[in-house]
Amino acid sequence: CKQAASIMLMIMNNLDKRVAQYPHELITYGGNGSVFSNWAQYALVMRYLSEMTDRQTLVVYSGHPLGLFPSHPDAPRAIITNGMVIPNYSTRAQLDKMYATCVSQYGQMTAGSYCYIGPQGIVHGTTISILSAARKWLGGRIEGVVYVSSGLGGMSGAQPKAARIAGCIGVTAEVDADALYKRHRQGWVDEVIDKVPALLERLRELRASKESKSIGYLGNIVDLWEAFAKEEEMLVELGSDQTSLHNPFGGGYTPVSLTYEESKAMLVDDPALFKQHVQDSLKRQVTALHKLEQRGLRFWDYGNAFLVEATRAGANVLDEASSKAGLTPDNGGAFRWPSYIQAFMGDIFSLGFGPFRWVCTSGKEEDLQMTDKIAASVFRELMKHANEKAKGQYADNLKWVEEAGKNKMVVGSQARILYSNCEGRAALAAAFNEAVKDGRVSAPIVASRDHHDVSGTDSPYRETSDVYDGSAFTADMAVQNALGDAARGATWVALHNGGGVGWGEVINGGFGLVLDGTADAGRRAESMLSWDVSNGLARRSWAGNANAQLTIREEMQRQDGLAVTLPVKADRSLVHDALKGAENAGGHVVAARTSSVAASKIPGANPLEALRVGIPAKLPA
């Protein structure tokens, strides 16, 4: 069937040598983001997909094809789970054992769900982050601004391209010469420099001319941050990190005390000593960042577990209030630097905008160009009645898709990413399906998204780090999302433990949806795509996000049958009276939510800030 053929194409793209990080090991990106655990699994899955009909569903357990099971045309053609381990056993040590015996695997996000589209996927998000940082902290100034980060792998390799598109000067450190020169050959890195003094001199030239360039520094990011900290002149405004710190002791981070080759040898020969080198290196990195922060550097965590692993290493990355109170982020404390979700992307997600993407299965560039034109036309129409916040997002993404061809971001399949909201995704899918039907696009289109989205991921240090109602460590949203997508017509669905920040730290899911020009495909798309965004909007609205509350109200007006439980903000005087009554009746302070609330654990603290229980039945309702 055509749906299964599309899944085959997506799998092969995930493992294409132009796309995958370690294709011979079935790893797409992130150092250990696996499509399968071994080539026997690959062969079996491809055989099943080549034989199956639209009345069968392929079930895949962490790479292992369980088999084909009878279903029906509206059921998913494939259901994939990765890393679904009992919570008490979801440890890195257990992962190593289970991966070695092929009973579980780390699927990252779009690696194990067969939806990776190369680094283009993160180019867009990184571009938005850099531009948002400039708007938030630099008054919109971008020319001559220096953005420094690290990593040129499957995902982090997007950074130099994003810096150029944003219009700043990008410096990305990378210890692996092969990875750096791969990006240079692609044209994503303009210049390669391997000496710190030469790099600093080049930055002075570019800052003076305000010329946008992307520079790949062949060396360790810690050396670079320490060099910036020693300079009298402040040469960097914005900074982040995209090393694979979800896998810090398995090769995802090279400590400054070792060369790249020494690091690879030690992590095998002496893992305990290697771990100590990694943690010492993280402490040195944080010390340098502290010094630069005092001079004006704006730094953010890019969702790679940098702050989490720095905390575990013993580095001081907590804010002042949390440090004084002895709190950590998992018991009410806060980091001194924000995640990019807290700083920029969370507000965008809460408007319903996130990384929608599509793949032209024909492999023809002209089909992708046609979809770009269709997408631009759809967005121009939607902008006419959008609210002001949504209109700004439409405008940014309209510019993106109009310039996408010029920026030459296709690596592997003919694919495109575009941040869109609920209404926009449904409209894009309908327009694409119609274009396949009338022949403007020559073959079916696969619609998908990154798991890193409005509803797809529960991750307390990344996607849901801006959820402050106490539910950031729950995973109902991501699990419900995958279940709901399967029930509403997704061609395939995936649910993963691990992705982005690491194993045991996140639950996330994704989907693929084949648009083949039929009425059935259009019906499925309308139903599934609406749920796939509304779910996260409803959760973020209940958690108190104002953008989400605005947007979900608009969606209830737009979607027939949508009725969401909305929060009502309590009058503080009523809360005060109830708490005083409870206090007088012997109620107990039992919990505090954030660092600002933590004082409620202290005798005599403001009762308004405390959660109280044990209210006697004799109190008035």
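The rules behind each value
Residues numbered from 1 in each chain as written. Predicted model: local features only at pLDDT ≥ 70, side-chain atom pairs only at ≥ 80, totals over all residues. Heavy atoms only, no water. UniProt positions renumbered as here; feature names shortened; annotations may be inferred. 1 Å grid on protein atoms, 1.4 Å probe; cavity = no way out; pocket = protein on both sides within 12 Å on 5 of 7 lines; lining within 4 Å. Points joined across faces, edges and corners; volume = space filled by probe spheres on them. Nonpolar A, V, L, I, M, F, W, Y, C, P; charged D, E, K, R; others polar. Pairing = 2+ DSSP bridges. Helix = DSSP H or I, 4+ residues; strand = E, 2+ residues; numbered from the N terminus. Axes fitted to C-alpha atoms, helices over the stretch in contact; angles between N-to-C directions. Parallel < 35°, antiparallel > 145°, perpendicular 65-115°, else oblique. Left-handed = near helix turned anticlockwise from the far one by under 90°. Contact = heavy atoms within 4.5 Å. Salt bridge = Lys/Arg side-chain N within 4 Å of Asp/Glu carboxyl O. Buried < 20%, exposed > 50% of the residue type's maximum accessible area, 1.4 Å probe, protein only.

As annotated in an unreviewed UniProt entry, the protein chain carries the name urocanate hydratase and comes from Emiliania huxleyi. Heading Cofactor (unreviewed entry) of the UniProt record for the protein chain holds this comment: "NAD(+)". Taken verbatim from the UniProt record of the protein chain, the Catalytic activity (unreviewed entry) comment is "4-imidazolone-5-propanoate = trans-urocanate + H2O".

Student: When you look at empty space enclosed by the protein in this model, what are you seeing that I'm missing?
Tutor: The gaps left among the atoms become clear once a water-sized probe is rolled over them. Taken as a whole and assessed by the stated rule, the structure comprises 2 cavities of 30 Å³ or more. The space that makes up the largest cavity amounts to roughly 40 Å³. Lining of the largest cavity is provided by Thr110, Tyr116, Gly118, Gly121, Ile122, Met155, Arg357 and Asp450. Class assignment of the residues belonging to the lining of the largest cavity gives a composition of 3 nonpolar, 3 polar and 2 charged. By volume, the second largest cavity amounts to about 30 Å³. Around the second largest cavity sit Gln3, Pro73, Asp74, Ala75, Arg77, Gly489, Ala490, Thr491 and Arg524, which together line it. A breakdown of the residues in the lining of the second largest cavity according to their chemical character gives 3 nonpolar, 3 polar and 3 charged.

Student: What am I meant to see in the sheet that holds strand β10 (residues 238-239) here?
Tutor: In sheet architecture, strand pairing relies on hydrogen bonds along the backbone and comes in two forms, parallel and antiparallel. Here 6 strands make up an open sheet; going across it, the order is β8-β9-β7-β6-β10-β11 and the pairing parallel. At either end of the open sheet lies a strand with only one pairing partner, and these are β8 (191-193) and β11 (298-299). When β10 meets β11, the two strands line up parallel, connected through 2 bridges. From the neighbouring strand, Leu238 faces β11, where its bridge partner is Arg298.

Student: Any chance you could explain the UniProt feature "domain: Urocanase C-terminal" (unreviewed entry) in the protein chain here in plain terms?
Tutor: Cross-referencing UniProt, the feature "domain: Urocanase C-terminal" (unreviewed entry) maps to residues 347-553 in the present numbering. As annotated, residues 347-553 comprises 50% helix and 17% strand, and the C-alpha atoms at either end are separated by 16 Å.

Student: Looking at this structure, how should I read the packing of helix α8 (residues 221-230) against helix α11 (residues 271-293)?
Tutor: The relative placement of two packed helices is expressed as an angle between their axes plus a distance between the axes. Where α8 meets α11, the closest approach of the two axes is 9 Å, and the angle between their N-to-C directions is 30 degrees. Between α8 and α11, the angle is such that the two are roughly parallel. When the axes of α8 and α11 are compared, the crossing they make is left-handed. Contact residues: α8 offers Ile221, Val222, Asp223, Trp225, Glu226, Phe228 and Ala229, while α11 offers Ser281, Arg284, Gln285, Ala288, Leu289, Lys291 and Leu292. Of the residues in the contact of α8 with α11, the class split is 8 nonpolar, 2 polar and 4 charged.

Student: For this particular structure, what's the right way to read the UniProt feature "domain: Urocanase N-terminal" (unreviewed entry) in the protein chain?
Tutor: Feature annotation in UniProt places "domain: Urocanase N-terminal" (unreviewed entry) on residues 1-115, given in this structure's numbering. Structurally, residues 1-115 is divided into 30% helix and 20% strand, and its ends, taken at the C-alpha atoms, are 19 Å apart.

Student: Help me understand the pattern of salt bridges in this model?
Tutor: Two side chains bearing opposite charge may form a pair once their charged atoms approach each other closely. Inspection of every chain in the model, using the stated rule, returns 38 salt bridges. Of the charged contacts in the structure, one is a salt bridge between Arg380 and Glu402, with a shortest N-O distance of 2.7 Å. With Arg380 in helix α15 (residues 365-383) and Glu402 in helix α16 (residues 388-407), this pair connects stretches of sequence that are 22 residues apart. Given the relative accessible area of 41%, Arg380 is considered partly exposed. Here Glu402 falls in the partly exposed class, since its relative accessible area comes to 45%. Put simply, Arg449 and Asp532 hold a salt bridge, and the shortest N to O gap is 2.6 Å. With Arg449 in strand β14 (residues 445-449) and Asp532 in helix α19 (residues 519-542), the pair connects residues that are 83 residues apart, well separated along the chain. The same class applies to Arg449 as to Asp532, namely buried. Ionic contacts of the salt-bridge type, sharing partners, join the residues Arg425, Arg449, Asp453, Asp485 and Asp532 into one network.

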